[in-house]
Each structure stands twice: as C-alpha cells, then as structure tokens.
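Chain residues, written in single-letter form:
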Amino acid sequence: MTTELLFRDDAYAQRATAKIVGVHERGIELDRTVFYPLGGGQAGDTGALIRASGERIAIADTRKGDSLDSVLHIPAQGTQQLEPGEPVTLEIDWPRRYALMRLHTALHVMSCVVVAPVTGGNISPEKARLDFDIDMSLLDAARIERETNALIARDIDTETVWISDAELDARPELVKTMSVAPPRGTGRVRLVKIPGIDLQPCGGTHVRNIGEIGAIRVLKIRSEGRRNRRVEIALA
Ligand SMILES: [Zn+2]
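Description of the structure in this document.

Calculation criteria
Residues numbered from 1 in each chain as written. Predicted model: local features only at pLDDT ≥ 70, side-chain atom pairs only at ≥ 80, totals over all residues. Heavy atoms only, no water. 1 Å grid on protein atoms, 1.4 Å probe; cavity = no way out; pocket = protein on both sides within 12 Å on 5 of 7 lines; lining within 4 Å. Points joined across faces, edges and corners; volume = space filled by probe spheres on them. Helix = DSSP H or I, 4+ residues; strand = E, 2+ residues; numbered from the N terminus. Nonpolar A, V, L, I, M, F, W, Y, C, P; charged D, E, K, R; others polar. Core = buried A, V, L, I, M, F, W, Y, C linked by side-chain atoms within 4.5 Å. Buried < 20%, exposed > 50% of the residue type's maximum accessible area, 1.4 Å probe, protein only. Contact = heavy atoms within 4.5 Å. Disulfide = S-S within 2.5 Å. Pairing = 2+ DSSP bridges.

What to know about the layout of surface pockets
- Size it by volume and the second largest pocket reaches roughly 210 Å³.
- What lines the second largest pocket is a set of 14 residues, and nearest its centre among them are Ala11, Thr158, Thr160, Arg190 and His206.
- Elements supplying a minimum of two residues to the lining of the second largest pocket: α1 (6-9), β11 (159-164) and β12 (188-194).
- Among the elements that make up the lining of the second largest pocket, the one with the highest residue count is α1 (3 residues).
- Of the residues assigned to the lining of the second largest pocket, the class counts are 5 nonpolar, 3 polar and 6 charged.

What follows is the structure in structure tokens.
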C-alpha cells in the first residue's frame with residue numbers, strides 16, 4: 001500500500017488528517033502521513049493517532065513497509081479495535097522531531113567540514129554521528145566544532161532538488177554516504193541542497209534554514225574500526 005508522504009514536501013507538518021487503510025500485526029497503514037519512518041540513519045517518528053471520539057492511540061515508532069512509500073505506524077499498545085476506513089488525526093511528537101531535523105541538518109554541514117567518505121551515520125533526538133573513512137590524526141574535535149558552527153552561522157536556506165536516476169548516475173561524486181544507497185525505484189532521486197555548502201541525495205527531514213540548528217558541540221571522536229572513525233555531536 002502506498003502512503004502519501006506529507007513530510008517529504010513539508011517537514012514542518014506536525015498534524016494532518018488521514019484515513020486508516022490497513023491494520024495488521026506489524027503496524028497501522030494510512031492513506032497519508034506526517035510520520036517519518038526510520039531510514040537514512042534518522043529515527044522513526046513517535047506521536048499519536050487521534051480517533052473521532054478523542055481517544056489517543058500512542059505511536060511508539062514508525063517504519064517502512066514492504067512496498068515503495070509504504071509506512072507502518074507502530075502502536076505502543078494493541079490495534080484490535082481499529083478498522084480500515086476510519087478517519088484519524090495524526091500528531092507527531094514535534095519537539096522530538098524538530099531536534100532530529102536540527103541534528104540531521106547539522107550532519108550535512110559537518111560532512112563538508114570533515115572531507116572523507118561517509119561509512120555510517122545515525123540520528124537520535126539526543127545526539128547524532130557520522131562515521132568516516134579517514135585517518136584519526138585528521139579528526140580534531142575543536143576544529144570540527146568551530147568550522148561547523150561557523151558554517152551554521154551563515155543562516156543559509158536549505159532547498160530540495162529532484163533529479164533523475166540517470167542524472168545521479170552521471171554525477172557519482174554527489175553520493176558521499178557509502179553505507180546508505182540513495183532511495184531509488186521511482187525514476188527520480190531527492191537531493192538536499194545547502195547552497196555553497198552541501199548537495200547530496202537524502203530522503204530525511206531538514207530545517208528550512210541552517211541557522212535553526214543553533215550550534216553544535218562534538219561529544220566524542222573514537223575509532224570503531226579502520227574505516228569507521230566516529231564523530232558524535234549534540235546540539236549546543
Ligand atoms: Zn539529509
């Protein structure tokens with residue numbers, strides 16, 4: 001089942017109305033959603049589905065379903081009383097998601113301060129990390145923090161750009177992340193552009209202006225293997 005992904009065009013949509021189209025063991029499917037499913041290193045959203053009666057069904061996690069653009073909303077408790085066709089109001093945990101958006105966008109900026117192939121990454125509401133294939137001696141926490149914050153202070157608007165699969169194939173340098181292949185299957189790929197700083201395929205949610213990140217601090221740098229030198233950050 002395909003779900004209309006409202007967060008893809010508007011990462012700031014906190015609420016929406018939708019209709020239940022499927023209820024099964026793995027989760028609840030809706031015709032449209034503001035819930036971002038775990039992917040590209042970014043944690044899945046939490047929040048609630050609100051029934052016409054006012055009853056709130058807590059959503060503990062959001063995951064991708066089997067088909068393209070299908071999203072599974074995972075309830076904290078059972079779903080036995082829900083039926084397809086029922087209208088619901090969706091509400092994400094906005095403070096949590098906004099922290100994810102700020103940290104996610106911060107990683108885009110940091111990936112232009114540390115110039116090396118990205119071999120991994122993760123974004124939780126409290127902290128985020130990127131792994132690089134780089135020599136440890138080239139990672140200096142104070143420098144990464146200073147230069148990332150200097151770029152953030154430029155207050156640049158982020159943009160979304162769509163290109164075809166063929167255009168992406170012709171520009172392999174756009175793909176920095178070796179561990180996460182750009183989402184394909186629809187013939188086009190979504191790029192996130194921070195003019196003058198970064199341009200890369202990404203399906204996640206980002207802030208409108210990098211100034212919203214505020215500032216970051218580097219929590220730690222450590223080696224997780226020869227090709228995984230990990231830089232962990234938090235919002236300052
Ligand atoms: Zn991104």
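This is not the end of the story, as more comes after the structure.
Notes on the nonpolar core
- Core analysis: the largest hydrophobic core is formed by 51 residues, its most contacted members being Leu49, Leu90, Phe132, Ile213 and Ile233.
- Looking at this core, the element that brings in the most residues is helix α2 (residues 94-110), giving 8 residues.
- Other than its neighbours up to four places away in sequence, Ile233 contacts Leu103, Ala106, Leu107, Met110, Lys127, Ala128, Ile216, Arg217, Val218 and Leu219.
- Among the nonpolar cores identified, the runner-up in size contains 5 residues, and Ile163, Leu168, Leu174 and Leu191 belong to it.

A few points about the state of the cysteines
- Scanning the entire structure with this criterion turns up 0 disulfides.
- With no disulfide of its own, Cys112 has Cys202 as its nearest cysteine by sulfur position, at a separation of 12 Å.
- A relative accessible area of 23% means that Cys112 is categorised as partly exposed.
- Residue Cys202 is classed as buried on the basis of its relative accessible area, which comes to 12%.

Notes on the pairing of strand β2 (residues 15-24)
- The sheet contact formed by β2 and strand β8 (residues 87-92) spans 5 bridges and is antiparallel. Each residue of the ladder has a partner; that of Ala18, found in β8, is Val88.
- By the bridge criterion, 4 bridges tie β2 to strand β3 (residues 27-30) in an arrangement that is antiparallel. Across the sheet, Ile20 pairs through a bridge with Leu30, a residue of β3.
- Remark: 2 residues form the turn of the hairpin made by β2 and β3, two consecutive strands paired antiparallel.

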